[in-house]
Amino acid sequence: MILGIESTAHTFGVAVVENGKILSNIKDSYTTESGGIIPIEAAKHHSFVCDDIYKRVLKDAGISEDKIQAVAISNAPGLAPCLLEGLKFAKKIAKKLHVPLVPVNHCVAHLEIGKLTGAKDPVLLYTSGANTQIIAYASGKYRVFGETLDLGVGNFIDTFGRYLGLGFPAGPKIDKIARKGNYIELPYSIKGMDIAFSGILTKLRDMIESGKYKREDLAYSMQETIFVMLVEAAERALAHTGKKELLLGGGVGCNSRLQEMCRIMCKERKAKFFCPEKSLLVDNA
């Protein structure tokens, strides 16, 4: 019976898992009406909600806290104030219950949770806020076959959303706006299996500031361009490794258009596509 605690960025979450079965998984996220995530403010949010979420998780799981045998905490990577707030809470619980405290790498957790989909040996397209990587298990360990050379795709999308005045997180709002748009050509920046976003972001900012373009068209064009880049790099990794499964992970994996593109590519390659449910794509305990 493991208690999991997540606090790497804007989300504070607590979960109870027994022998691989999720009994309860509750989270609360810091948001803004305008601007991006402010780490100190996000940490204050975590401090405010942690006790309440812990009590709700125990009640939802139907257990008393003396049943917990270990506390797992996301220890890296992440925003320092948020990580420290989660660690402080995890230490308090572990000390109170006299159980081990187990550090978990946030990126590896996004990889491992994909096993719940039934994927056996996939290439992982890992698309989250600060991380954009193509990872697969080869020759005895996880290896990075491609990655962003500058921004993580989630940070890229949220920065674009800030330019549009959408607040944080912007991804779900952009996903909806983009469905009404038409394509405008944007820079396409892929280098082998690596990707660069900063030049595209500068171009989009200039287009927004010019006032000549509809935000629906810009949102649609942004998604079509950067998601094709991700899928192209992921397909190269499938070809390079000879694997027959693609697993989508991370919060940006919630985007309906990215899922659709991955599904089409896998169908054309006669590969299997796997994607966890939304609650397990986003940051969660």
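Coordinates for the structure precede this section.
Thresholds applied
- Residues numbered from 1 in each chain as written.
- Predicted model: local features only at pLDDT ≥ 70, side-chain atom pairs only at ≥ 80, totals over all residues.
- Heavy atoms only, no water.
- Helix = DSSP H or I, 4+ residues; strand = E, 2+ residues; numbered from the N terminus.
- Rg over C-alpha atoms; globule rule 2.2 N^0.38 Å.
- Buried < 20%, exposed > 50% of the residue type's maximum accessible area, 1.4 Å probe, protein only.
- Contact = heavy atoms within 4.5 Å.
- Areas by Shrake-Rupley, 256 points an atom, 1.4 Å probe, with all protein chains shown as cover.
- Lys, Arg positive; Asp, Glu negative; His and termini not counted.
- Charge placed at Lys NZ, Arg CZ, Asp CG, Glu CD.
- Pairing = 2+ DSSP bridges.
- Right-handed = clockwise from strand over helix to strand, strands pointing away.
- Axes fitted to C-alpha atoms, helices over the stretch in contact; angles between N-to-C directions.
- Left-handed = near helix turned anticlockwise from the far one by under 90°.
- Core = buried A, V, L, I, M, F, W, Y, C linked by side-chain atoms within 4.5 Å.
- Patch = residues over 30% accessible without salt bridge, like charges linked within 9 Å, V, L, I, M, F, W, Y side chains within 5 Å.
- Salt bridge = Lys/Arg side-chain N within 4 Å of Asp/Glu carboxyl O.

Enquirer: Before we go on, may I ask you to explain the overall build of the protein chain in this structure?
Expert: Tallying secondary structure elements over the protein chain gives nine helices and twelve strands in all. Over its C-alpha atoms the protein chain spans a radius of gyration of 20 Å, differing by no more than 12% from the 19 Å that the globule rule assigns to 285 residues. Its C-alpha atoms put the protein chain at 60 × 45 × 30 Å along the principal axes. Of all 285 residues assigned to the protein chain, the portion counted as buried reaches 50%. Long-range pairs, those at least 24 residues apart, make up 71% of the contacts in the protein chain between residues at least 6 apart in sequence. Surface accessibility of the protein chain: about 13,800 Å² in total, with carbon and sulfur atoms responsible for 52%. For the protein chain, the distance from the average site of its 37 positive side-chain charges to the average site of its 31 negative ones is 2 Å.

Enquirer: Mind showing me how you'd approach the pairing of strand β4 (residues 70–76) here?
Expert: Strand residues, when the strand is regular, have side chains that alternate between the two faces of the sheet. The element β4 is extensively covered by neighbouring structure, given that five of its seven residues are classed as buried. Where strand β1 (residues 2–6) and β4 come together, four bridges link them in parallel fashion. Along β4, the bridge assignment pairs isoleucine 5 with isoleucine 73. Of the pairings in the sheet, the one linking β4 to strand β5 (residues 101–105) comprises five bridges and is parallel in character. Each residue of the ladder has a partner; that of isoleucine 73, found in β5, is proline 103. The β-α-β motif built from β4, the intervening helix α2 (residues 80–97) and the parallel element β5 has right-handed crossover chirality.

Enquirer: Would you explain the sheet that holds strand β2 (residues 11–18) in this entry?
Expert: Paired through backbone hydrogen bonds, the strands of a sheet run either parallel or antiparallel to each other. Pairing within the open sheet is mixed, and its five strands lie in the order β3-β2-β1-β4-β5. Where the open sheet ends on each side, the last strands, each with one partner, are β3 (21–29) and β5. Each strand of the sheet is rotated relative to its neighbour by a mean of 20 degrees, with strand direction disregarded. Taken strand by strand, helix α1 (residues 39–61) contacts β1, β2 and β3, and its axis lies near 155 degrees from that of β3. Strands in contact with α2 are β1, β2, β4 and β5; relative to β4, the strand with the most contacts, it is inclined by about 165 degrees.

Enquirer: So what exactly am I meant to see when it comes to the packing of helix α7 (residues 215–241) against helix α8 (residues 256–269) here?
Expert: Angle between the axes and distance between the axes: these two values describe a pair of packed helices. Running from amino to carboxyl end, α7 crosses α8 at an angle of 35 degrees, the nearest separation of the two axes being 10 Å. For the pair α7 and α8, the sense of crossing is right-handed. Facing Gln223, Glu224, Phe227, Val228, Leu230, Val231, Ala234, Glu235, Leu238 and Ala239 of α7, the residues of α8 in contact are Arg257, Leu258, Met261, Cys262, Met265 and Arg269.

Enquirer: Can you help me understand the pairing of strand β8 (residues 141–147) in this one?
Expert: Inspection of the sheet shows strand β7 (residues 132–138) paired to β8 by six bridges, in the antiparallel sense. Pairing of glutamine 133 across the sheet is with glutamate 147, part of β8. Between β7 and the antiparallel strand that follows it, β8, lie two residues; serine 139 among them carries a positive phi value of about 50 degrees.

Enquirer: Could you clarify how one ought to interpret the nonpolar core in this entry?
Expert: Nonpolar side chains tend toward joint burial in soluble globular proteins. Phe156, Ile157, Phe160, Ile226 and Leu246 are the most contacted members of the largest nonpolar core, which has 46 residues in total. Put simply, the parts of the chain that give this core at least two residues each are β6 (123–127), β7, α4 (153–163), α5 (171–178), α6 (198–210), α7, β11 (245–249) and α8. In terms of residue count, α7 provides more of this core than any other element does, twelve residues in total. Ignoring sequence-local partners within four residues, the contact set of isoleucine 226 consists of Val153, Phe156, Ile157, Phe197 and Ile200. Formed by 24 residues, the second largest nonpolar core is a distinct cluster that contains Ile5, Ile53, Ile63 and Val99.

Enquirer: Can you help me understand a nonpolar patch on the surface in this one?
Expert: On the surface, a cluster of nonpolar side chains totalling about 260 Å² of accessible area is made up of Val108, Tyr137 and Tyr142. Turning to its location among the elements, valine 108 is positioned in helix α3 (residues 106–112).

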